[in-house]
Amino acid sequence: MGKCLWFAANFQEIIMSEELSNNEYRQQRIQNMEKLEAAGFPAFGQAFERTARLDELHASFEEGRQVKACGRIVAMRKMGKMAFAHISDGSDKFQLMVKQDMLSEDVFDAFKLLDLGDIIGVSGELFVTRTEEQTIRVDHWTLLSKALLPLPEKFHGLTDVETRYRQRSLDLISNPEVMDVFKKRTQVLREIRTFLDARGFYEVETPMLQQIAGGAAAKPFKAYYNALNVDVYMRIAPELYLKRLIVGGMDRVYEMNRNFRNEGLDRTHNPEFTALEIYQAYGDMRTMQELIQSMFTHLAETIFGKLEFQWMGNTINLQTPWREVAYCDLIKEHLGNDWFEKSMEEAVAKAEELEVHVERGMDFKQVTHEIYDKTIEGTLIQPTFITRLPKELVPLANHCSDDPEVVDVFELIIGGKEIAPAYSELNNPIEQRARFEAQAAGDGSKIDEDFLAALEYGMPPTGGMGIGIDRLLMLLTGSDAIRDVILFPQLKPRG
RNA sequence: GGGCCGGUAGCUCAGUCGGUAGAGCAUUUGACUUUUAAUCAAAGGGUCGCGGGUUCGAGUCCCGCCCGGCUCACCA
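Residues numbered from 1 in each chain as written. Chains lettered and ligands numbered in written order. Predicted model: local features only at pLDDT ≥ 70, side-chain atom pairs only at ≥ 80, totals over all residues. Heavy atoms only, no water.

1. Brief notes about the pairing of strand β12 (residues 308-311)
Right, on to step 1. Alternating residues of β12 divide into Phe 309 and Trp 311, all buried, and Glu 308 and Gln 310, none buried.
Right, on to step 2. With four bridges joining them, β12 and strand β13 (residues 314-317) adopt antiparallel strand pairing. Counterpart to Trp 311 in the pairing with β13 is Asn 314.
Right, on to step 3. Connecting β12 to the antiparallel partner β13 that follows it, the hairpin turn spans two residues, and Met 312 within it adopts a positive phi of roughly 50 degrees. (Buried < 20%, exposed > 50% of the residue type's maximum accessible area, 1.4 Å probe, protein only. Helix = DSSP H or I, 4+ residues; strand = E, 2+ residues; numbered from the N terminus. Pairing = 2+ DSSP bridges.)

Structure, rendered in structure tokens:
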């Protein structure tokens with residue numbers, strides 16, 4: 001008892017120095033905590049061995065069975081000499097019935113001191129109430145953790161978007177559908193690994209801190225490594241390292257992890273995002289085409305039990321085979337069969353008619369691509385592979401065997417968004433060096449010589465693909481914002 | 001970066017023409033042994049995002065700033 005008071009007095013002192021101490025609700029809860037401790041219920045308990053998770057308890061329900069369960073109190077209905085409560089453990093909710101005559105009067109009174117949000121463990125017998133709800137008739141309970149701050153309101157929950165992102169804990173507690181999205185995310189990631197492993201791919205980890213941020217055209221985040229006295233960059237892509245592994249003979253590899261790009265934030269961009277890159281030696285773009293169709297339909301059927309998804313106001317059907325169209329044919333389809341015979345002036349006039357902004361100095365192909373980007377891509381709702389892109393648009397891919405002006409790649413578009421590009425990878429080291437040099441524009445420090453040296457030992461023909469996992473999850477979970485599939489999205493510091 | 005919208009009690013939201021700051025849930029007190037958005041009675045709870053200005057008086061009007069959402073642009 002003396003120890004208890006000492007603890008309480010010190011605790012008060014500590015918290016009084018914080019802004020939170022002004023919170024009336026928090027002070028009431030601390031008072032309740034002290035009363036509970038005085039009644040023999042320490043506020044922060046030890047590990048609790050439960051019979052089962054609450055969802056499992058519902059699934060294996062058996063009237064009369066003695067069980068132990070635990071969770072956070074999310075609802076409480078007190079009535080004189082009995083009370084009903086619901087606890088939740090993130091898997092499900094379960095109702096508790098607590099009656100004074102099942103416990104001693106003191107223990108029952110202490111139960112009524114519990115606050116919404118407190119985490120408790122109980123033991124008791126399973127039964128079904130008059131209203132046919134599966135319930136535990138509590139014979140013992142213990143406090144596992146006191147909640148000092150109140151939870152969001154029970155009915156409307158937490159809806160304030162900013163608070164949801166900034167305090168994801170609260171979002172998960174009060175919005176089961178948010179919990180469900182992130183559980184699905186975990187399942188999808190695991191199933192991707194299972195799928196690829198079954199096809200003989202090795203999952204690997206390549207550097208996130210790179211001295212040359214290569215493999216994509218994007219601005220990197222910069223950091224400084226004290227021990228080596230060098231600048232390092234957070235990777236923008238793992239591509240050049242995965243290809244080194246292909247050279248090394250690890251001929252089916254993938255990496256699913258974070259990339260970092262120093263760009264703006266919007267509904268479909270977060271500066272750190274999860275990408276899956278896959279490389280298969282002796283394959284090509286066609287290999288990847290088969291792989292992604294099999295993988296997406298497998299994920300959809302295994303985890304979601306369907307092939308149709310609602311996303312951004314459209315119904316998307318993943319039934320294979322997906323449409324394939326050559327870039328050039330797609331352009332003709334939308335802009336007319338004679339498009340590629342048009343003059344520069346006619347092309348610019350068409351762009352203006354379509355309210356597409358074109359810069360001075362753009363050539364015909366760039367104007368065409370600008371029109372594609374702004375007016376055509378967004379109309380491709382059902383999964384579509386766009387193939388045979390002009391080589392100028394994709395500098396790191398192999399050209400098609402029947403036409404050196406176009407490259408052997410696809411862009412997979414779903415719901416009007418780019419989901420995955422795949423290439424028949426460039427394996428000619430001389431050509432690769434020439435393209436790097438053009439890209440680096442004279443700055444030799446940006447050329448990854450180690451990668452080029454690896455290529456010089458010979459890389460087999462290889463199919464490669466990159467999949468934006470966050471966007472895939474948006475599609476599969478029907479989320480319109482990337483922030484709804486990333487647990488802790490980037491936000492501005494609070495002002 | 002531009003435009004539009006928003007920030008009021010722990011949460012969800014009202015707040016009219018510039019005139020004492022409101023409701024529901026939650027909280028506190030009391031009643032209640034099958035409730036489930038429990039019910040009934042009563043009570044307490046506010047840096048109206050922040051800072052200026054106009055005014056006798058500002059949640060409300062004006063200016064600046066912060067944070068968020070949508071959207072356009074940029075970037076890719």
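Okay, back to it.
2. Comments concerning the side chain of Gln 432
Right, on to step 1. Checked against the element boundaries, Gln 432 lands in helix α13 (residues 429-440).
Right, on to step 2. A residue is classified by how much of its surface remains accessible, and Gln 432, at 1% relative accessible area, is buried.
Right, on to step 3. When neighbours within four sequence positions are excluded, Gln 432 is seen to be in contact with Leu 396, Leu 426, Phe 451, Leu 452 and Leu 455. (Contact = heavy atoms within 4.5 Å.)

3. Observations concerning the pattern of salt bridges
A side chain of one charge can pair with a side chain of the opposite charge when the charged atoms of the two come close.
Right, on to step 1. Applying the stated criterion across every chain, the model contains 32 salt bridges.
Right, on to step 2. With its nearest N and O atoms 3.8 Å apart, the salt bridge here joins Lys 365 to Glu 405. Of the two residues, Lys 365 sits in helix α12 (residues 364-376) while Glu 405 sits in strand β17 (residues 403-414), which places them 40 residues apart along the sequence.
Right, on to step 3. For Lys 365, a relative accessible area of 38% puts it in the partly exposed group.
Right, on to step 4. Arg 433 is the salt-bridge partner of Glu 449, the closest N and O atoms lying 2.8 Å from each other. A residue pair is termed long-range when its members are at least 10 positions apart, and Glu 449 in helix α14 (residues 449-456) and Arg 433 in helix α13 qualify at 16 residues. (Salt bridge = Lys/Arg side-chain N within 4 Å of Asp/Glu carboxyl O.)

4. Here's the deal with helix α10 (residues 327-335)
Right, on to step 1. The set of residues buried in α10 consists of Tyr 327, Leu 330, Ile 331 and Leu 335. Buried residues along α10 cover an arc of 110 degrees about the axis, so they all sit on one side.
Right, on to step 2. Considering only its buried residues, α10 is in contact with β14 (323-326), α11 (344-353), α12 and β15 (384-390).
Right, on to step 3. The positive-phi residue at the C-terminal boundary of α10 is Gly 336, with phi of around 105 degrees. (Arc of directions from axis to C-beta.)

5. Observations concerning the nonpolar core
Right, on to step 1. By size, the foremost hydrophobic cluster in this structure holds 45 residues, and its most contacted members are Ile 192, Leu 196, Leu 276, Ile 292, Phe 296 and Met 465.
Right, on to step 2. Broken down by element, this core gets its largest block of residues, ten residues, from helix α9 (residues 285-304). (Core = buried A, V, L, I, M, F, W, Y, C linked by side-chain atoms within 4.5 Å.)

6. Some details on the protein's contact with RNA strand B
Right, on to step 1. Close to RNA strand B lie 42 residues; Gln 28, Thr 131, Lys 154, Glu 162 and Arg 483 are nearest.
Right, on to step 2. In this structure, a base oxygen belonging to RNA strand B sits 2.8 Å away from a side-chain N or O atom of Arg 77.
Right, on to step 3. Here a base nitrogen of RNA strand B and a side-chain polar atom of Asp 101 are 3.4 Å apart.
Right, on to step 4. Of all the secondary structure elements, the ones that give two or more residues to the surface near RNA strand B are α2 (24-38), β1 (66-79), β2 (82-88), β3 (93-99) and α5 (161-166).
Right, on to step 5. Of the residues belonging to the surface near RNA strand B, the class tally is 14 nonpolar, eleven polar and 17 charged. (Near = heavy atom within 4 Å. Polar contact = N/O pair within 3.5 Å; in protein donor to acceptor, adjacent residues only side chain to side chain. Nonpolar A, V, L, I, M, F, W, Y, C, P; charged D, E, K, R; others polar.)

7. Details of the sheet that holds β1
Right, on to step 1. Strand order in the closed barrel made by the five strands is β1-β2-β3-β5-β4, with mixed pairing throughout. Taken pair by pair, the neighbouring strands of this sheet meet at an average axis angle of 55 degrees, ignoring direction.
Right, on to step 2. Note: strand β4 (residues 119-128) against strand β5 (residues 134-145), ten bridges, orientation antiparallel. In the strand pairing of β5, Ile 119 is matched with Ser 145. (Axes fitted to C-alpha atoms, helices over the stretch in contact; angles between N-to-C directions.)

Functional significance is not addressed by these values, which are geometric in nature.
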